[in-house]
Amino acid sequence: MTFNNIKSKFPVFKKNPSLVFLDTAASALKVDSMINATNNCYSNEYANIHRGAYELSAKLTKKYENTREKVAKYLNAPSYKNIIFTKSATEGINLISSCMSEDYFNDGDEIIISYLEHHANIIPWHISNKKIKINPISLNEKGEINYDDLKQKINSRTKLVSLTHMSNVTGSITDFDIIKDLIKNKNIPLLVDGCQFAPHKKVDIKSLDPDFYVFSAHKIYGPSGLGVLYMKDKWIDSFSPYQGGGQMISNVDIDKSTYADGYEKFEAGTPPIAPVIGLSASLDFMSETNPNKIYEHEMELHDYAFDKLNKFNNINIYGKSKNKGAIISFNFTNLHNSDIGSMLDKKNIAIRSGHHCCQPLMKYFNIKGTSRVSFGIYNTKDDVDHLTDSLDEIIKILT
Ligand SMILES: Cc1ncc(COP(=O)(O)O)c(C=O)c1O
């Protein structure tokens, strides 16, 4: 399947038409409708929200809150009341870690994560003020979560299972049906890091049924500085506030305060107003295009690229899962991934090199880093051909 003329919706290609952008997993390029909506917000609609007694503020408040409903619909979440805006997915996980440390964890509790996790789903647990033991799940030979190991690791001290929906290194997609079965009736909450999945495939919170789900707007053709945290009612009701300040209060005296109920308790201060308006436009773009069609398009490119890359001598591709997204990480024997990255850049091809904020995974694979290509809606087969032709040339120069 092809998305004819889709590049014309991404202004960066007007200035730089030959750009081959293969780093969407880090951050997606920006779609014009999102840029225009943000621009219009600042140019014509802007006022602080929730508190103004005037029309400009009231109108923008409505638009902002409508976006909460749009996000809930996009995720097929039970209600807009379960959607909390944060500054990033990273902040969403830190919020959960902080609130759980305050109200839920005890010293000696265990949480289960996997070796696939991004640092954003590792370090927040390290900096908890409770002594939490991390029980990591190993991977199978395809670079997927080892579900048998998960089964072994669950015990009476397990207080949370927190896993990526799709790896930002191997692209493998986690099978939450198996996981939900393993934790059923054990009263263990589930956090899903949807950063890589939500921009590429339809999320269905009602069927996934996690306690928490996070993603970042900037990976979904949207603005930076904005994350989405879905949280089940019982946690919204039981957690204490994460930060204090304006908007999250019920009543304030000089020496004490009481807090708003619901999601507002977690949104202290002036929120990311224009980014939320931008996200609204990027979600419209996603819905109009249909996330599952985007996935089909990207996987067609992935399969084409995988076959071409696999034909190189001395290439090692990390992760060969059948159920995956359009991300390929690889190394050439005796060549450094950063040399590959900078030489491709000279040919106007943007890929990622390094540890991808997954140092434990790099250590697990016994490597320092990889080259990584990741696909977005704007990529084409020509991009793949340009990549593999350029790699051919670079390898000849470097070896
Ligand atoms: C799987 C995964 N989780 C979490 C994050 C963190 O996202 P952000 O930096 O937008 O908070 C990323 C970013 O690359 C990611 O790929």
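Worth saying up front: this structure is predicted, and the values here are computed from it rather than measured.

Turning our attention to the state of the cysteines. Scanning the entire structure with this criterion turns up zero disulfides. Free of any disulfide, Cys357 has its nearest neighbouring cysteine sulfur in Cys358, separated by 6.9 Å. When its relative accessible area of 29% is taken as the criterion, Cys357 is described as partly exposed.

Another aspect to go through is the side chain of Lys219. For Lys219, the location among the structural elements is in the loop between strand S7 (212-216) and strand S8 (227-231). Filtering out sequence-adjacent residues up to four positions away, Lys219 remains in contact with Ala25, Ala26, Ala28, Cys195, Gln196 and Pro199.

According to the domain assignment, the protein chain contains domain 1 (6-22 + 291-398) and domain 2 (34-288). Here domain 1 and domain 2 share an interface that buries about 2,600 Å² over both sides, 66% of which is from carbon and sulfur atoms. Our count for the domain 1 to domain 2 interface comes out at zero salt bridges. In this assembly, domain 1 and domain 2 are joined by 15 residue pairs in polar contact (both at pLDDT 80 or more). Elements represented by at least two residues in the side of domain 1 that touches domain 2 include exactly helix H11 (291-310), strand S12 (327-332) and helix H13 (359-365). Ranked by the residues each element gives to the side of domain 1 that touches domain 2, the list is headed by H13, at six residues. For the side of domain 1 that touches domain 2, the class distribution of residues is 20 nonpolar, ten polar and six charged.

Counting across every chain of the model gives 21 aromatic pairs. Between Tyr64 and Phe85 the ring centres are 5.5 Å apart and the planes differ by 70°, which places this aromatic pair in the edge-to-face class. Residue Tyr64 is located in helix H3 (residues 55-75), and its partner Phe85 is located in strand S2 (residues 83-86); the two are separated by 21 residues in the primary sequence. As far as burial versus exposure is concerned, Tyr64 and Phe85 are alike and both buried. The structure contains a cluster of three or more aromatic residues connected by ring pairs, namely Phe10, Phe13, Phe21, Tyr221, Phe285 and Tyr378. Between Lys201 and the ring centre of Tyr295, over which it is positioned, the NZ or CZ distance is 4.3 Å. In this structure, Lys202 is placed above the aromatic ring of Tyr74, and the distance from its NZ or CZ to the ring centre is 5.3 Å.

A separate point is the site of the ligand. Around the ligand lies a shell of 13 residues, among which Thr90, Asp193, Ser216, His218 and Lys219 are the nearest. Contacts to the ligand include Ala89, whose backbone N or O atom sits 3.4 Å from an oxygen atom. For the ligand, the protein covers 88% of the area, taking 390 Å² as the surface of the free molecule. Residue classes in the shell around the ligand are distributed as three nonpolar, eight polar and two charged.

Conventions we followed
- Residues numbered from 1 in each chain as written.
- Predicted model: local features only at pLDDT ≥ 70, side-chain atom pairs only at ≥ 80, totals over all residues.
- Heavy atoms only, no water.
- Disulfide = S-S within 2.5 Å.
- Buried < 20%, exposed > 50% of the residue type's maximum accessible area, 1.4 Å probe, protein only.
- Helix = DSSP H or I, 4+ residues; strand = E, 2+ residues; numbered from the N terminus.
- Contact = heavy atoms within 4.5 Å.
- Domains from an automatic or database assignment.
- Buried area = accessible area lost by both parts, 1.4 Å probe.
- Salt bridge = Lys/Arg side-chain N within 4 Å of Asp/Glu carboxyl O.
- Polar contact = N/O pair within 3.5 Å; in protein donor to acceptor, adjacent residues only side chain to side chain.
- Nonpolar A, V, L, I, M, F, W, Y, C, P; charged D, E, K, R; others polar.
- Phe/Tyr/Trp six-rings, centres within 6.5 Å; stacked < 30°, edge-to-face > 60°.
- Lys NZ or Arg CZ within 6 Å of the ring centre and 35° of its normal.
- Near = heavy atom within 4 Å.
- Areas by Shrake-Rupley, 256 points an atom, 1.4 Å probe, with all protein chains shown as cover.

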